[in-house]
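Structural overview for review
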Amino acid sequence: MAFTIVTKNTVRERFPSAVRPDLWKDTEDKDWNNWIWQQQKRIKSMDVLEKVINVDADEHAAFAGSHEQFNMGITPYYASLMDKNDPNCPVRLQAVAKTGELKIVDTDMEDPLAEERDMPVPGITHRYPDRVLFYTTHNCPVYCRHCTRKRKVADPSSSAANKQLEEGLAYIEAHKEIRDVVISGGDPLSNSDERLEYILSRLRAIEHVQVFRIGTRNLVTLPQRITDNLARMLSKYHPVFIHTHFNHPKECTREAFDACAKLADAGCVINNQMVLLKGVNDDPKIVMELNHKLLMMRVRPYYIFQCDLSQGISHFRTPVETGLKIVQALRGWTSGMAVPHYVIDAPGGGGKIPILPNYVIKHEGKKWLLRNYKGLEFEYIEP
Ligand SMILES: *Cc1c(COP(=O)(O)O)cnc(C)c1O
Ligand code: SF4
């Protein structure tokens with residue numbers, strides 16, 4: 001019997017391409033698909049933003065009050081995902097400031113995760129026994145309004161100069177307990193391929209470094225950055241983990257799908273770190289849809305972060321109960337692969353603490369009274 005193989009990539013076809021706003025209708029594809037063009041044409045002013053969306057009064061006021069502290073920067077690609085007329089569009093909320101950003105509430109902290117305190121040398125945060133964060137640039141293609149590192153990101157004086165890079169590498173080399181390096185920023189893919197390859201090659205040459213991860217939002221905000229060259233370069237340094245940051249199903253486009261496919265085909269393992277944001281993804285249905293799309297893109301949901309206490313993001317914070325409800329709506333109801341860990345990065349530098357719905361009703365001696373995802377009770381007796 002003959003089997004006819006259907007080769008059409010039908011999953012890719014379920015992911016629609018971004019629709020270009022009129023402003024870029026006549027842009028040639030070779031420019032639109034070029035990350036340098038996307039980077040150069042980033043929206044930084046109200047004049048240009050107004051050509052793409054109908055900016056409302058709140059957004060005007062927020063821009064005036066915020067752009068000196070924390071720039072606006074939006075790639076044309078990411079801007080094309082914004083709803084022109086809906087100020088509450090989840091993509092727009094992440095990229096265009098609201099007046100909520102101007103409010104500093106008394107629980108806000110400048111460096112809530114105490115990343116500066118646990119910094120043995122500039123550019124390295126060493127908090128956990130066997131792994132470090134390594135800052136390599138202060139730039140990002142899009143400045144996310146909910147960014148936890150606002151104090152650094154977009155500030156040229158905090159840039160990781162080459163001297164700092166060398167000191168960071170020397171620190172990692174001198175500390176044999178470091179087996180996992182989180183390459184971070186800003187966004188490490190804002191480095192040129194050459195600078196990034198230099199960093200990876202240096203890390204790979206260190207005997208005790210087993211794995212590294214590249215923490216990048218380019219898959220979401222500038223998928224054009226994932227070129228064949230970049231993918232080929234990364235594949236020389238395996239195992240390479242990519243940690244990205246999708247927050248909403250709208251961000252799962254054909255472009256993002258293709259960027260993930262390039263990295264996955266090149267052998268990278270991709271994980272997603274979602275931030276729980278009011279109005280963006282504080283709804284179990286949205287997170288379920290996002291995680292299902294991510295799995296089709298070969299991205300494994302890894303963390304849901306409770307929004308932290310950085311300054312000027314209180315309008316994004318949800319009750320912890322909201323995160324618990326989301327996890328509860330996922331566990332058991334869908335693939336375990338689609339259920340990330342919900343964590344609170346403890347203020348003051350305590351690190352990530354997992355928060356779980358309570359599935360243990362009672363524990364007495366050898367008896368565990370448990371409840372399953374549907375609320376039914378079961379007893380487990382230890383040997
Ligand atoms: C998040 C983080 C890491 C990585 O944590 P994992 O739980 O291993 O993903 C490492 N160092 C610091 C300082 C962090 O904040
Ligand atoms: S990409 Fe990451 S570091 Fe850059 S602005 Fe967004 S959240 Fe901050």
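Since the model is a prediction, treat every value here as computed from it, not as a measurement.

**As for the side chain of Glu255**
Summarising the element assignment, Glu255 is placed in helix H11 (residues 254–265). Of the polar contacts made by the side chain of Glu255, one reaches the backbone nitrogen of Ala18; its length is 3.2 Å. Look past the residues within four positions of Glu255 in its chain and what remains in contact with it is Pro16, Ser17, Ala18, Tyr77, Pro223 and Gln224.

**Considerations on the site of ligand 2**
Around ligand 2 lies a shell formed by Cys140, Val142, Tyr143, Cys144, Cys147, Val153, Gly186, Arg217 and His245. Looking at the shell around ligand 2, its residues break down into six nonpolar, two polar and one charged.

**Here we look at unusual backbone geometry**
For the peptide bond that leads from Gly185 to Gly186, omega is 15°, which places it in the cis range. Assignment of secondary structure puts Gly186 in the loop between strand S3 (180–184) and helix H8 (193–204). The amide bond that connects His238 to the next residue, Pro239, takes the cis arrangement and shows omega of 0°. Within the element layout of this structure, Pro239 appears in the loop between helix H10 (228–234) and strand S5 (240–244).

**Digging into the domain arrangement of the protein**
Looking at the assigned domains, one finds that the protein contains domain 1 (28–102) and domain 2 (124–354). Each partner contributes residues to the interface: domain 1 has 31 residues there, and domain 2 has 33 residues. Interface area, domain 1 with domain 2, both sides summed: about 2600 Å², of which 58% is carbon and sulfur. Its largest share of buried area at the contact with domain 2, domain 1 owes to Trp35, Phe70 and Gln94, together 31% of the area lost on that side. For the interface between domain 1 and domain 2, the tally reads one salt bridge. With a closest N to O distance of 2.7 Å, Arg145 and Glu101 form a salt bridge. Inspection of the region where domain 1 meets domain 2 yields 14 residue pairs in polar contact (both at pLDDT 80 or more). Put simply, the parts of the chain that give the side of domain 1 that touches domain 2 at least two residues each are helix H2 (35–40), helix H5 (76–79) and helix H6 (90–95). With five residues, the top contributor of residues to the side of domain 1 that touches domain 2 is H6. Among the residues forming the side of domain 1 that touches domain 2, the class breakdown is 16 nonpolar, 11 polar and four charged.

So, how was this worked out
- Residues numbered from 1 in each chain as written.
- Chains lettered and ligands numbered in written order.
- Predicted model: local features only at pLDDT ≥ 70, side-chain atom pairs only at ≥ 80, totals over all residues.
- Heavy atoms only, no water.
- Helix = DSSP H or I, 4+ residues; strand = E, 2+ residues; numbered from the N terminus.
- Polar contact = N/O pair within 3.5 Å; in protein donor to acceptor, adjacent residues only side chain to side chain.
- Contact = heavy atoms within 4.5 Å.
- Near = heavy atom within 4 Å.
- Nonpolar A, V, L, I, M, F, W, Y, C, P; charged D, E, K, R; others polar.
- Domains from an automatic or database assignment.
- Buried area = accessible area lost by both parts, 1.4 Å probe.
- Salt bridge = Lys/Arg side-chain N within 4 Å of Asp/Glu carboxyl O.

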